[in-house]
Each structure stands twice: as structure tokens, then as C-alpha cells.
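Close look at the chain arrangement
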Amino acid sequence: MRQKVIIHISDLHVTASTSSDGVPASRIDSYLTTKEDDNVTAYIDNFVDTVKDAHPDVDFILLVTGDVSNEADRREFATAKNLLRRIIDKLQISTDNCLLIPGDHDVHRRSILNALDDTPSDQSYLLNSVKFKNFSGLYKEISGK
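Parameters at a glance
Residues numbered from 1 in each chain as written. Predicted model: local features only at pLDDT ≥ 70, side-chain atom pairs only at ≥ 80, totals over all residues. Heavy atoms only, no water. Helix = DSSP H or I, 4+ residues; strand = E, 2+ residues; numbered from the N terminus. Buried < 20%, exposed > 50% of the residue type's maximum accessible area, 1.4 Å probe, protein only. Contact = heavy atoms within 4.5 Å. Areas by Shrake-Rupley, 256 points an atom, 1.4 Å probe, with all protein chains shown as cover. Axes fitted to C-alpha atoms, helices over the stretch in contact; angles between N-to-C directions. Parallel < 35°, antiparallel > 145°, perpendicular 65-115°, else oblique. Left-handed = near helix turned anticlockwise from the far one by under 90°. Nonpolar A, V, L, I, M, F, W, Y, C, P; charged D, E, K, R; others polar. Phe/Tyr/Trp six-rings, centres within 6.5 Å; stacked < 30°, edge-to-face > 60°. Salt bridge = Lys/Arg side-chain N within 4 Å of Asp/Glu carboxyl O. Arc of directions from axis to C-beta. Core = buried A, V, L, I, M, F, W, Y, C linked by side-chain atoms within 4.5 Å.

**What about the overall build of the protein chain?**
Tallying secondary structure elements over the protein chain gives 5 helices and 3 strands in all. Its C-alpha atoms put the protein chain at 55 × 40 × 20 Å along the principal axes. Taking all 145 residues of the protein chain together, the buried fraction comes to 39%. By sequence separation, contacts in the protein chain at least 24 residues apart represent 77% of the contacts at least 6 residues apart. Accessible surface, the protein chain as shown: approximately 8800 Å² in total, 49% of it carbon and sulfur.

So this is what it looks like as C-alpha cells:
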């Protein structure tokens, strides 16, 4: 049996080119934005190469914890999916060996505000599916579940 190595990534904070209040991403403290950028691709490739060189002939487990996105915007999750998929493909990580755990920035707050108007207080548990809808899409794309 091959040795297993856990890769733990946290707080990516992938940020849309502009925030919901119109602030340009250049004024937001995040390196990973939804804007196409060869520097980010090169950064991911360098990360993958470093991991491969340090751990040849192992099986990887990918653990992504909290704040994949900055505002839980669909564009942010689409970019995060591409970045994570690049890591998964290049390191040949099985989807069974990928675990994504949402953080507070992965909750889509605008959706919650809209849903609060239509959800009776005795059914507030239904808000979980609303607030994690965009994250759930990313999870399904990465894990297949």
C-alpha cells in the first residue's frame, strides 16, 4: 500500500473582480480573483510541482477548509473549482480523497436575506440549503457527490 499524504489548503478567499458593493478587486486583499491571470496559474503549477517533488510515489488526500470564496458568489466558486480541479488533476487525487468544508465566507448572505422574507420561522432549518447553495455546487463538481 502506498503512503498517503494530506494536503491541507485553507482560506483561499477567491474574490470576484468586483465585490457586491462595487469595490474593485485590486482594492481587496486577495491574490486569487475571478479575473483570468497567468500568474495564478503559474502559482498553482509551482505549488503542484513542489508537492510532487517533495512527495513522489504517494497518494494524496486533499483537505480544503473554510473560506474557499470571499462572498460566496457563483463566479468565485467557478474560479475556485478551476483552481482546485487543476491541483486534483495534476496530482491525480481521487475524488474520494477530497474533502471540502465551508467557512463563514462560503455562506451566500444575499440569498439568506431574500429567503428570510419567504420562510416561516418554524421552518428556518430550510435556510441551510439556501445559504450553502453555491458552495454545494462546488462540492458536487469536485467530489461528484
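**Details of the packing of helix H1 (residues 38–54) against helix H2 (residues 74–90)**
It is the contact of H1 with H2, at a shortest axis distance of 10 Å, that shows an interaxial angle of 30°. Accordingly, the angle class assigned to the pair H1 and H2 is roughly parallel. Crossing angle aside, the handedness with which H1 passes H2 is right-handed. Each of Val40, Thr41, Ile44, Asp45, Phe47, Val48 and Lys52 in H1 lies in contact with H2, whose residues at this interface are Leu83, Arg86, Ile87 and Lys90. Its residues assigned to classes, the contact of H1 with H2 comprises 6 nonpolar, 1 polar and 4 charged.

**A few points about the packing of aromatic side chains**
Summed over all chains, the structure comprises 1 aromatic pair. Measuring from centroid to centroid gives 6.1 Å for Phe77 and Phe135, while their planes differ by 75°, and the two rings are edge-to-face. On the criterion of sequence distance, the pair formed by Phe77 in helix H2 and Phe135 in helix H5 (residues 133–143) is long-range, its members being 58 residues apart. Looking at Phe135, the relative accessible area reads 5%, which means it is buried.

**So, the pattern of salt bridges**
Scanning the entire structure with this criterion turns up 7 salt bridges. The residue Asp45 makes a salt bridge to Lys90 at a minimum N-O spacing of 3.9 Å. You can see Asp45 sitting in helix H1 and its partner Lys90 sitting in helix H2, a full 45 residues away along the chain. Among the residues examined, Asp45 registers a relative accessible area of 18% and is labelled buried. A residue is classified by how much of its surface remains accessible, and Lys90, at 35% relative accessible area, is partly exposed.

**Re H5**
What H5 keeps buried is the set Asn134, Phe135, Leu138, Ile142 and Ser143. Looking straight down H5, one finds that the buried residues subtend no more than 150° of arc, so they occupy a single side. For H5, the exposed residues set more than 90 degrees away from the buried face come down to Lys133 and Lys140. Looking at the packing, one finds that the buried side of H5 touches H2 and strand S3 (98–101). In the segment just after H5, Gly144 is the residue with positive phi, at about 80°.

**With respect to the nonpolar core**
By size, the foremost hydrophobic cluster in this structure holds 29 residues, and its most contacted members are Ile7, Phe60, Leu62, Val68, Leu91 and Ile93. Of all the secondary structure elements, the ones that give two or more residues to this core are strand S1 (4–10), H1, strand S2 (59–65), H2, S3 and H5. Other than its neighbours up to four places away in sequence, Leu62 contacts Ile7, Ile9, Leu84, Ile88, Ile93, Asn97, Cys98 and Leu99.

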